[in-house]
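Read off the chains here:
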Amino acid sequence: MTARLSAALLAAMLAAACSSLDRSLPSATSSVIPDTKLRLTPGYTTTPEKLIYFAGAAYLAYVVLDPMAPNWTIEEAQLSEDTYYLGMKKMRTRPGGEGEARMVFRRRAEQLARAGGYAGYDIVSYSEGIQSELVAQRVGEGVIQLRHGTR
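> It is not clear to me how the sheet that holds strand 6 (residues 137-147) should be interpreted in this structure. Could you clarify?
Backbone-to-backbone hydrogen bonds join strands into a sheet, with any given pair of strands oriented parallel or antiparallel. Taken in spatial order, the 4 strands of this open sheet run 3-4-6-5, and their pairing is antiparallel. Both edges of this open sheet fall to strand 3 (72-80) and strand 5 (120-131), since each of them pairs with a single strand only. This sheet shows a mean twist of 15° between the axes of neighbouring strands, independent of strand direction. By the bridge criterion, 11 bridges tie strand 5 to strand 6 in an arrangement that is antiparallel. Paired with Ser127 across the bridge in strand 6 is Glu141.

> Help me understand the nonpolar core in this model?
When a protein is soluble and globular, its nonpolar side chains tend to lie buried together. Counting 14 residues, the largest nonpolar core has Met88, Leu112, Ile144 and Leu146 as its most contacted members. Elements that contribute at least two residues to this core include exactly strand 4 (83-90), helix 3 (100-115) and strand 6. The residues contacting Met88, other than those within four sequence positions of it, are Trp72, Thr73, Ile74, Ala101, Val104, Phe105, Tyr126, Arg138, Val139, Gly140 and Glu141.

> Just checking my understanding: could you explain the environment of Arg114 for this structure?
On the secondary structure map, Arg114 appears in helix 3. With relative accessibility at 53%, the residue Arg114 sits in the exposed group. Separated by 32 residues in the primary sequence, Arg114 and Leu146 have C-alpha atoms spaced 9.6 Å apart.

> Mind showing me how you'd approach the packing of aromatic side chains here?
Geometrically, a pair of aromatic rings is defined through the distance of the ring centres and the angle of the planes. Across all of its chains, the model carries 1 aromatic pair by this definition. Measuring from ring centre to ring centre gives 4.9 Å for Phe105 and Tyr126, while their planes differ by 55°; the resulting arrangement is tilted. Placement of Phe105 in helix 3 and of Tyr126 in strand 5 is noted, with a sequence separation of 21 residues between them. The buried category is assigned to Phe105, whose relative accessible area is 0%. The ring of Tyr126 is capped by Arg102, whose NZ or CZ atom sits 4.6 Å from the centre of that ring.

> I would appreciate a short explanation of the pairing of strand 1 (residues 38-41) in the present structure.
Consecutive side chains of a regular strand alternate in pointing toward one face of the sheet and then the other. Pairing between strand 1 and strand 2 (residues 44-46): 3 bridges, direction antiparallel. Residue Thr41 lies in a different strand from strand 2, and its bridge partner there is Tyr44. Two successive antiparallel strands, strand 1 and strand 2, enclose a turn made up of 2 residues.

> Can you help me understand the environment of Ala109 in this one?
Note that Ala109 resides in helix 3. Under the relative-accessibility criterion, Ala109 is labelled buried at 0%. Placed 11 residues apart in sequence, Ala109 and Gly120 show a C-alpha to C-alpha distance of 8.5 Å. Once residues lying within four places of it in the same chain are set aside, the contact partners of Ala109 are Leu86, Tyr121, Ile144 and Leu146.

Criteria and cut-off values
- Residues numbered from 1 in each chain as written.
- Predicted model: local features only at pLDDT ≥ 70, side-chain atom pairs only at ≥ 80, totals over all residues.
- Heavy atoms only, no water.
- Pairing = 2+ DSSP bridges.
- Helix = DSSP H or I, 4+ residues; strand = E, 2+ residues; numbered from the N terminus.
- Axes fitted to C-alpha atoms, helices over the stretch in contact; angles between N-to-C directions.
- Core = buried A, V, L, I, M, F, W, Y, C linked by side-chain atoms within 4.5 Å.
- Buried < 20%, exposed > 50% of the residue type's maximum accessible area, 1.4 Å probe, protein only.
- Contact = heavy atoms within 4.5 Å.
- Phe/Tyr/Trp six-rings, centres within 6.5 Å; stacked < 30°, edge-to-face > 60°.
- Lys NZ or Arg CZ within 6 Å of the ring centre and 35° of its normal.

Geometric values such as these leave the question of function open.
Okay, structure coming up:
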């Protein structure tokens, strides 16, 4: 479910429940969230406060664990006309990935060579490892030089 669809669904549920809300403004000592019950289905009622907490937790989980996000991010810099630096970081929340860095590196190098009309590429330097911070993260980096000539 996309974030927009989730937000639209939440807005529709809140709009449907608005008819049962007290529309008076809260005083300085009371909460902005009304102390009422929302009837979401014939057999289920909840408070707006619980609904807001649940929506916030669901949104936070989606942002952190986004299933559609790519496993690797690639930062690239063109060092000269035919030389590129590629720096890669794996998503922290996805386990595994041993050996993936080199495959991702080669795939991006091939894309750059094809897009520029080059015959291929040579790996000038390459390294990979684990960056230890609060949560460990797989990383890789290298430099490629695109090859002129016949394919």
